[in-house]
Number of protein chains: 2
Amino acid sequence: MDKCLLKQLTEAKDASRLMKNISQEDKNKALLNISSALLEHIDEIIIENQKDIACAKENNMSPAMIDRLLLDSQRIQSMVQDVRKLTQLEDPIGQVIREIERPNGLHIQQVRVPIGVFAIIYESRPNVTVDIACLCLKSSNVCVLKGGKEAIHSNRILTRLMQEATKDILPYGCIHLIDNTDRLIVNELIQANDYVDVVVPRGGKGLIDFVVKNATVPVIETGAGNCHLYIDKEADMQKAIDISVNAKIQRPSVCNAIETILVHQDIAHVYLPLMVKAFDGKVEIRGDEKVQQIIDCYPATKEDYAKEYDDYIVAIKIVDSIEEAISHIYQYSTKHSESIITEDEQAAAKFMDSLDSACVYHNASTRFSDGGEFGFGAELGISTQKLHARGPLGLIEMTSYQYKIYGNGQVRK
Amino acid sequence: MDKCLLKQLTEAKDASRLMKNISQEDKNKALLNISSALLEHIDEIIIENQKDIACAKENNMSPAMIDRLLLDSQRIQSMVQDVRKLTQLEDPIGQVIREIERPNGLHIQQVRVPIGVFAIIYESRPNVTVDIACLCLKSSNVCVLKGGKEAIHSNRILTRLMQEATKDILPYGCIHLIDNTDRLIVNELIQANDYVDVVVPRGGKGLIDFVVKNATVPVIETGAGNCHLYIDKEADMQKAIDISVNAKIQRPSVCNAIETILVHQDIAHVYLPLMVKAFDGKVEIRGDEKVQQIIDCYPATKEDYAKEYDDYIVAIKIVDSIEEAISHIYQYSTKHSESIITEDEQAAAKFMDSLDSACVYHNASTRFSDGGEFGFGAELGISTQKLHARGPLGLIEMTSYQYKIYGNGQVRK
C-alpha cells in the first residue's frame, strides 16, 4: 500500500477507537468551531477555490461543471448554516435500541455505536467535503475523503480548516483527505479491509459501478435513481398534473426526479394533453406507439426506459393495467422511488405492497425522497441497496450497534 | 453465466417478488409441511446420506468430518423440531419500525420487508440446508443454497422434499440448490448482482476470505471468533473460574468459545493455579513469560494470540492494566465476543464502552453469543462485520425495510 495512505488509514483507525466515547457536547462544540473557522477564512477559501476554477477553465470544463466547482461567499455561508444545523440534531450514539431480559438473569442491551471508518469517494462539488466530514463527526465516525482532483485546492483548504478547528476537542486523525490524485489510490482504499469499515461512492454510475466491482470493503451504493410515476385510471387529474411537473422538472438533475411516467390506458387521452400543456414546452417527451397516437412526441425505446436522464426529458408508456405498471417498474427501476397517483385505496396498496423500491409513494412527489424532507435533518445520500440501510441515510443510518450483556456469573448449560 | 445457474437465479428473483406478500399463515403451513415431509421420508434421507458417508470413507475423510456429515434418525428428528419451532416465532415482515408525520401532511411508514434473494455458501453439515431454507422461508426471503460437494446426495433429497412440501403454498422457485460441484460456479454466484441481494458464507476462514475478496454482491461475514476473557484485578474468583471453564471447554469447536485469557498481574498468582486445576489437564495452556513463572505451561507467541484454535488450547497473557487488555483485544480480536470478569462496575463500563466487538459481556460467558440464547429463537449465524447486522442474525436481521409515504397531492417546494 502507498505509504502516505497507510499512515492516514492507521491514524484513522486509531482515531475511530476514541471517537466512540466523545460526548455529544464535544461533538457539537467541534461543529461550531468548524462553522466559525469557515466564516473567518472565507476569503482564503475563495482564493483556493479560484485556483480550481482556473484549472477547470484551462481544461475546457463545461460551464455546468465549473458551476458545480464554484464556492462563493453565499455558498460558503450556506455550508456554514448546514454545519450549525447538525448541532441541533439528536446524537444517535449510545441510544438503546432494544433491551432483552433472559430467564437466566442476563440483561442484554442493543446499543447504537459508530460504524468506524468511512471512506467516501466523490466528484467535483467541494461543499461535499464539509457536509460529509461533519455528518461523520456528528455520528462519531472517522472520515477518509477522496474528492475529485478538479477540486483539490478547495478540498485541501476546507479539510485543513476543519482539522485545525477540531484539534483540541477530537482525537487526532478523525478527518482525513487523500491528497493523491492518482486513481490507483482508490483501488487501495476500497480494498483496505483492515482499516476501512465502509466505502460510499458518491457520484455517477461509472464511479459506483467501479467501486462495487472492485471493493472488498463493504459498500453502500447511493444515488442511482430511475424513478417512476404511475397515473392510475382512478387518478385525480389535478394531483396527477401537479405531481408530474414537480417530480420531473422542479429539479431534473437529481436522483429523486422521475424519468418515466406510466399511464393507464383508460385515462391516457385525458392526462396526456394536459401533461403536455403543463410541461409548457420545457420537457422533451418520448412516448411509445400508443402515446404517439394521442400527443405529438418522439418515439421511446427500451433504452429510454432504462435511462436516468437527469434532464428535461421524460419517457411515457401507456399500460393496460396496474399489474403491467408494476412489472415495468420491476424491470427498469433502480429501486429508488416510485409513486402512484390514484383515489383508489386498493390500487395504492397493491402498488406499494408489490414493489420493492426504497420509497413508494401514494399521491405525492418522488422529490420527497430526501433526508431533510423525511425530517432526518441531513443526509449522506440515498441508498438504493437493500443491505444495511435504504433510502435517505441520516445519522441513525450511519451507525451500527453492539450488544452489551450484563451477568452475575452466568455460564451456558 | 452457466445456463443452469442463470435459470435458477431468474426463477429465484421472480419468486422473491411474490414472497413479500405471502401471509404468515401460509409460511407457517409451509414449514409444517416441510417438517412432515422430512419425518415421512426419514428412511429415504438416510439412504441418500449413506451415499455421502460412503464417498467420504472412500476419500479417507477424518472421523470428525464424517460425523459432521452424518444424518441419523435422531438428527433428522432434531431438524424437524427446529423447523416446527420456527412456526412459533413472530413474523418480522410488515412490522412498522417507525412512523413519521411531516408538517406538510405526508405520513411516512418505515416497514420491514424481505431482503430478497439470499445466496448461502456452506460446507459439510447437511442439516444447514434445512435450517437456512426454513429461516429464509419464514423471513419471506428466497434462498439459493450452495452446499459442499461431500454432502450433495443429502442436500439433493432434503431440497427436493422441501420443494415438494411447499409447492402448493409458496411461489415456484423460492428454494434452490445449486447442483453443480464445480467451484467456478461460486464465482458466478457471488458476482450475480442482478439476481442475488446478499451472500452469506458459512464455513472456515478460507471460504469467508474467498467470498469477501471476490464477491461483488454485498456479503454478510459470519463466524470468525477469536474471543477474549479478561480477568480483572477485582474479579470474583469463583465467577472467573466457572466462566473460564465454560467459555473455553463447554464446546471448544464453536465461534463463541474463548481463545485467549488476559489476566491482570495483581490477581494472576491466585487465578492461574486455580485455572490449571479447573481445566483438569484437558486444555493445553500456552502462556507468556510472566505466566510461565507462575504455572507450568508452553510458551505463547504472537501467532497464538491471533489464532482461533477451536480446540482444547488456550493462550494466556498477563497484563499490567485494563488498558493493556483493551489494546490487546483491539489488536487481535475478530470483533465477535469479549468478556470482563470484575466486581468493579467502573472497570466493567470502561471495558464495554471501549471495545467495538459485536458482543461485550460483564461477568458472563461468551458462549451466550447465540440467537437461541439471546431469545431470537433461531439464527443464520453470528455476524462479525459492522454493516447491516452484528452478532446473532435472527429473523429481524434477515430483513430490510422500505418507506411507504402517503400523501394527498403534496409537491416539493
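Residues numbered from 1 in each chain as written. Chains lettered and ligands numbered in written order. Predicted model: local features only at pLDDT ≥ 70, side-chain atom pairs only at ≥ 80, totals over all residues. Heavy atoms only, no water.

Concerning the relation of the copies chain A and chain B
The operation relating the pair of chain copies consists of a rotation about an axis and a translation along that axis. Aligned on chain B, chain A shows an RMSD of 0.0 Å; the corresponding rotation is 180 degrees and the shift along the axis is 0.0 Å. In the structure described here, the two chain copies are related by an operation that fits a two-fold rotation axis. When C-alpha positions in chain A are compared against the rotation axis, the closest is assigned to His 388 of chain A, at 1.8 Å. (Least-squares fit on C-alpha atoms with pLDDT ≥ 70 in both.)

What about the packing of aromatic side chains?
This model, assessed by the stated rule, comprises 12 aromatic pairs over all chains. With 6.4 Å between their ring centres and 55 degrees between their planes, Phe 376 of chain A and Tyr 403 of chain B make a pair best called tilted. Of the two residues, Phe 376 of chain A sits in the loop between β13 (359-364) and β14 (382-383) while Tyr 403 of chain B sits in strand β16 (residues 399-410), which places them in two different chains. We classify Phe 376 of chain A as buried; its relative accessible area is 10%. We classify Tyr 403 of chain B as buried; its relative accessible area is 0%. Members of the aromatic cluster, each reached through a chain of ring pairs, are Phe 374 and Phe 376 of chain A together with Tyr 401 and Tyr 403 of chain B. The positively charged end of Arg 183 of chain A is found above the aromatic ring belonging to Phe 210 of chain A, 5.6 Å away from the centroid. (Phe/Tyr/Trp six-rings, centres within 6.5 Å; stacked < 30°, edge-to-face > 60°. Helix = DSSP H or I, 4+ residues; strand = E, 2+ residues; numbered from the N terminus. Buried < 20%, exposed > 50% of the residue type's maximum accessible area, 1.4 Å probe, protein only. Lys NZ or Arg CZ within 6 Å of the ring centre and 35° of its normal.)

Topic: the interface of chain A and chain B
On the chain B side, the residues contacting the 77 residues of chain A number 77 residues. Roughly 6,400 Å² is buried in total at the junction of chain A and chain B, and carbon and sulfur atoms are behind 52% of that figure. Looking at the side of chain A facing chain B, the largest losses of area belong to Arg 17, Leu 387 and Arg 412 of chain A, adding up to 13% of the total buried there. Put simply, chain A and chain B have 10 salt bridges between them. (Contact = heavy atoms within 4.5 Å. Buried area = accessible area lost by both parts, 1.4 Å probe. Salt bridge = Lys/Arg side-chain N within 4 Å of Asp/Glu carboxyl O.)

Overview of the sheet that holds strand β4 (residues 142-146) of chain B
Residue and element names in this part refer to chain B. The strand order β5-β4-β3-β6 describes an open sheet built from four strands, whose pairing is parallel. With partners counted over all chains shown, the strands left at the sheet margins are β5 (175-177) and β6 (198-202), one partner each. Averaged over all pairs of adjacent strands, the angle between strand axes in this sheet comes to 20 degrees, irrespective of strand direction. As judged from the five bridges shared by strand β3 (residues 117-122) and β6, these two strands associate in the parallel manner. Looking across to β6, one finds that Ala 119 is bridged to Val 199. Where helix α6 (residues 127-138) meets the sheet, it contacts β3, β4, β5 and β6, and its direction lies at approximately 160 degrees from that of β4. On top of the sheet, helix α9 (residues 205-214) reaches β3 and β6; it is set at about 160 degrees to β6, its chief contact. (Pairing = 2+ DSSP bridges. Axes fitted to C-alpha atoms, helices over the stretch in contact; angles between N-to-C directions.)

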